[in-house]
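Structural features, examined
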Amino acid sequence: DVEQGGATLFPALNLQVQPRQGMAIIFFPATVDGLLDKLALHAAMPAVDTKFVSQVWIRQGVYRGQPSKRLSYTMGVPFSHPASMTGYAGF
């Protein structure tokens, strides 16, 4: 387990997940129609100890070298002030 730091922060959900040995976070950053999901916006908090990360991208359709669909509207800031979140030190 990572005793300090290294959490994954989901600011729009007010959720911070601390790393645990043998566990993983799995989430989908887009809706079924391929639009980015603003609730999946996340950040890796600074790790004090060693933290291992693995990332896998799964495409919903044929990949032709183009970026994913974007939001159909301007997202804005998903939270009022990052310093107000417990344990959040900034990017």
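Our subject is the structure that appears above.
**Side note on the overall build of the chain**
Across its full length, the chain holds zero helices and three strands. Listing each helix as α and each strand as β along the chain from the N terminus yields β-β-β. Burial statistics for the chain: of 91 residues in total, 16% are counted as buried. Of the contacts made within the chain by residues no fewer than 6 positions apart, 63% connect residues no fewer than 24 positions apart. For the chain, the exposed surface amounts to about 7,400 Å²; the carbon and sulfur share of it is 57%.

**Brief notes about the sheet that holds strand 2 (residues 15-17)**
Read from one edge of the open sheet, three strands run 2-1-3, paired in antiparallel fashion. Taken across any chain shown, the strands that pair with only one partner, and hence form the sheet edges, are strand 2 and strand 3 (43-44). For strand 1 (residues 8-10) and strand 3, the ladder comprises two bridges, and the chain directions are antiparallel. Note on strand 3: the bridge partner recorded for threonine 8 is alanine 44.

**A look at the packing of aromatic side chains**
Two numbers describe a pair of aromatic rings. These are the distance of the centres and the angle of the planes. Counted according to the given criterion, the structure contains one aromatic pair. Ring centres of phenylalanine 10 and phenylalanine 27 lie 5.2 Å apart, and the angle between their planes is 90°; this geometry places the pair in the edge-to-face category. On the criterion of sequence distance, the pair formed by phenylalanine 10 in strand 1 and phenylalanine 27 in the loop between strand 2 and strand 3 is long-range, its members being 17 residues apart. Classification of phenylalanine 27 by relative accessible area gives partly exposed; the value is 29%.

**With respect to the environment of glycine 6**
Within the secondary structure, glycine 6 is located in the segment before strand 1. Take glycine 6: its relative accessible area is 1%, and that puts it in the buried class. As for glycine 6 and alanine 43, which are separated by 37 residues in sequence, their C-alpha atoms are 9.9 Å apart. Not counting residues within four places of it along the chain, the set of residues in contact with glycine 6 comprises Pro19, Met45, Pro46, Ala47 and Lys51.

**Things to note about the side chain of threonine 8**
Among the secondary structure elements, threonine 8 is positioned in strand 1. The buried category is assigned to threonine 8, whose relative accessible area is 14%. Aside from chain neighbours lying at most four places away, what touches threonine 8 is Leu15, Gln16, Val17, Ile25, His42, Ala43 and Lys51.

So, how was this worked out
- Residues numbered from 1 in each chain as written.
- Predicted model: local features only at pLDDT ≥ 70, side-chain atom pairs only at ≥ 80, totals over all residues.
- Heavy atoms only, no water.
- Helix = DSSP H or I, 4+ residues; strand = E, 2+ residues; numbered from the N terminus.
- Buried < 20%, exposed > 50% of the residue type's maximum accessible area, 1.4 Å probe, protein only.
- Contact = heavy atoms within 4.5 Å.
- Areas by Shrake-Rupley, 256 points an atom, 1.4 Å probe, with all protein chains shown as cover.
- Pairing = 2+ DSSP bridges.
- Phe/Tyr/Trp six-rings, centres within 6.5 Å; stacked < 30°, edge-to-face > 60°.

Any functional reading would require information that these geometric values do not contain.
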